[in-house]
Structure formats: structure tokens, C-alpha cells
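Residue-level structure breakdown
Single-letter residue listing:
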Amino acid sequence: MSRWNNGSSNVSYTSFLLVGFPGLHESRALLVLPFLSLYLVIISANALVIHTVAAQRSLHQPMYALIALLLAVNICAATTVVPAMLFSFSTRFNRISLARCLVQMFCIYFLVAFDCSILLVMALDRYVAICYPLRYPEIITAPLLAGLVGAAAARSTCIVAPVVGLASRVRFCRSDVIHHFACEHMALMKLSCGDISLNKTVGITVRILNRVLDLLLLGTSYSRIIHAAFRISSGGARSKALNTCGSHLLVIFTVYSSTMSSSIVYRVARTASQDVHNLLSAFYLLLPCLVNPIIYGARTKEIRQYLARLFVGTGP
């Protein structure tokens, strides 16, 4: 066990064992195939849509660039967790240092927050495109889009940094075993031996304020977008605008419903086994990564037509 000592009572572990799905004991190796298959599907589906956007010059527009960025974040989120989890399941070498644990925690939460922030930028893009169509090219320029993405990254960092920073100051003396497949915040905090009320308060406050503010902004934006779309005189343009908004709303529902349901169950279902909580964590991390490329690939006409020509050889 790796730990430092400063007197008999001041002990803190500096490395931990990640034990994902502890209830399965020796059968954890059986999880390698399903999670590996899921990971390969996630990488392939997201990469395929990203390739489509990059390959088609007609898709070199702000909306499609944001879709590609969102899917690239999906790949990063899955890669942050799944390969290390598969390695630990197959080799049972699952010790991680505190520094690496905190880095993984930051990456997971940053990518989730960045995912949500990109959805806000996409809502702004659609708001300008539908409510001010004639001024859209002069408003949504490449420099503005880059600035908005940079602001989204900075916002995500500001959301996550306090939580991870406070976690780095905690002493962990209860155990060196994290009953989780990744360095999830509350799973790590369970090993603390000091007062972590500030950590809990900051974590819950940041999560609630972030979710409420995001949903208010998204709700306001899309209500105005839908209202403006119904006022479009051309039936074809109106249908296209509503279909595009429908795709974005499906993605928003997938992302926020998975994160919120996981948080609610984690705090309400105290009697549920650790394996159930871990499965919900995997659900909220990986479900959007799997579903998002399917939504955009199936519902976005330009992407769907390119994929049809690629695989079936049909389409104009």
C-alpha cells in the first residue's frame, strides 16, 4: 500500500485500487467483451459521422462543425474511461495513483460539462439561423465560433476545477479501494477521513446551478426557435428547420436525462448495490456517446445521404 505517515493519526493513501463491479468478483473478465464491443461501436459511429462532415464540402458549415466537435468529445469521453476499465478487467492490474485519479476525474467531468456547453453553442447557432436567416452568415463567423467554443471550454474548466481542487486536499485513510471502475468524485470521497462537507456542498451546488442554468437557456432558446420556425412561410424550409431542431432536442434529452437520472438514483437509492450504481455511471457516461451519432446520422438529411452513398451506393 502506498501512503505517507506524519505521526500515528495523520495517514493518507496516495494510490488506490479501482474495483469496478465488485459484486462480480472473479467474473469481471466476462465484462471485457460487451464493453469492448460497445467501445468499438462508439468509436466507429462517431468517427464515421465526423469523417462525413470533414469529407463533404457542403457540410463545412458552423452547425455541422459543432456536430463534429460534439462527437469528437464523445470519443474522448469514452476513451477516458473504457480502455483503462477493460485493462483492469482483463489483467486485474487496477492500481492508480492519486494524481492520475484526479486527472481522470477532471477529464471525465470536464468532457461532460464541455458536452453540455457545446449544446448551448449549438442552440445559439440555430437561434440565429432561424430567427435571423439573412444575417446568419455575417453573425456566425469562424472567429466568433472559435471564440464561443473557447468560452465553452473555459466555462467547463471553471465548473470542474473547484470540485477536483477540493478533492486534492482531502486525506484518504478509510481504505485504498475505490469501488468503482473510474475515479468518480463521490466514490473517492467515501474513502476520506476528514470533514468533506464543503466538498459535498460545492459539488452539489455546482451541478444543480449548472444544470438549471443550462436548461433555462436551452428552453428559452428552443422555444423561440420553434416559434420562429412555425412562422416560416415555406413548408419545406419550415419542415427542415423543425427537423434540425428535433435532432438537437433529442440529443439534449439524451444527455441531460442520463446525467440527471444517474444523480437522482445515486442519492435516492441508497440501498441499491454498488454494482447498480456503477452500471448507472457507465450508462450516463456512454449512452450519449452511443446515441448521438445515431441521431445525427439518421435524422440529418445531408449526412444520411452521404452515408447511403458510402454503404449502399444510392442517393443523388
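Let me begin by describing the structure that accompanies this report.

About the cut-offs
Residues numbered from 1 in each chain as written. Predicted model: local features only at pLDDT ≥ 70, side-chain atom pairs only at ≥ 80, totals over all residues. Heavy atoms only, no water. Core = buried A, V, L, I, M, F, W, Y, C linked by side-chain atoms within 4.5 Å. Buried < 20%, exposed > 50% of the residue type's maximum accessible area, 1.4 Å probe, protein only. Helix = DSSP H or I, 4+ residues; strand = E, 2+ residues; numbered from the N terminus. Patch = residues over 30% accessible without salt bridge, like charges linked within 9 Å, V, L, I, M, F, W, Y side chains within 5 Å. Areas by Shrake-Rupley, 256 points an atom, 1.4 Å probe, with all protein chains shown as cover. Salt bridge = Lys/Arg side-chain N within 4 Å of Asp/Glu carboxyl O. Phe/Tyr/Trp six-rings, centres within 6.5 Å; stacked < 30°, edge-to-face > 60°. Axes fitted to C-alpha atoms, helices over the stretch in contact; angles between N-to-C directions. Parallel < 35°, antiparallel > 145°, perpendicular 65-115°, else oblique. Left-handed = near helix turned anticlockwise from the far one by under 90°. Contact = heavy atoms within 4.5 Å. Nonpolar A, V, L, I, M, F, W, Y, C, P; charged D, E, K, R; others polar.

1. Some remarks on the nonpolar core
Among the nonpolar cores identified, the biggest contains 90 residues, and Phe16, Phe35, Ile178 and Leu188 are the most heavily contacted of them. The element that contributes the greatest number of residues to this core is helix H3 (residues 98-131), accounting for 22 residues.

2. Digging into a nonpolar patch on the surface
Side chains of Ile204, Ile208, Val212 and Leu216 sit close together on the surface and give an oily, nonpolar patch of about 350 Å² of accessible area. Relative to the helices and strands, Ile204 resides in helix H7 (residues 197-230). By relative accessible area, Ile204 is classed as partly exposed at 35%.

3. Focus on the packing of aromatic side chains
Within the structure shown, the criterion is met by eight aromatic pairs. Between the aromatic rings of Phe21 and Phe89, the centroid separation amounts to 6.2 Å while the plane-to-plane angle is 55°, which identifies the pairing as tilted. Taken together, the positions of Phe21 in the loop between strand S3 (15-18) and helix H1 (32-55) and Phe89 in helix H2 (residues 62-91) put the pair 68 residues apart, joining distant regions of the chain. For Phe21, a relative accessible area of 5% corresponds to the buried category. Judged by centre distance (5.8 Å) and plane angle (10°), the ring pair of Phe106 and Phe110 falls under stacked. Taken together, the residues span about one helical turn, with Phe106 and Phe110 both in helix H3 at a distance of four residues. Linked through ring pairs, Phe21, Phe35, Phe89 and Phe181 together constitute an aromatic cluster.

4. Observations concerning the environment of Val103
Position of Val103 relative to the elements: it lies in helix H3. Of the residues examined, Val103 reaches a relative accessible area of 51% and is grouped as exposed. With 18 residues separating them in the primary sequence, Val103 and Met85 have C-alpha atoms 15 Å apart.

5. Side note on the packing of H3 against H7
Relative to each other, H3 and H7 sit at 20°, their axes nearing to 9 Å. Overall, the two elements H3 and H7 adopt an arrangement that is roughly parallel. In this structure, the crossing between H3 and H7 has a hand that is left-handed. Here Tyr109, Val112, Cys116, Leu119, Leu120, Met122, Ala123, Arg126, Tyr127, Ile130 and Cys131 of H3 come into contact with H7, specifically with Arg207, Arg211, Asp214, Leu217, Leu218, Ser221, Tyr222, Arg224, Ile225, Ala228 and Ala229. Of the residues assigned to the contact of H3 with H7, the class counts are 16 nonpolar, one polar and five charged.

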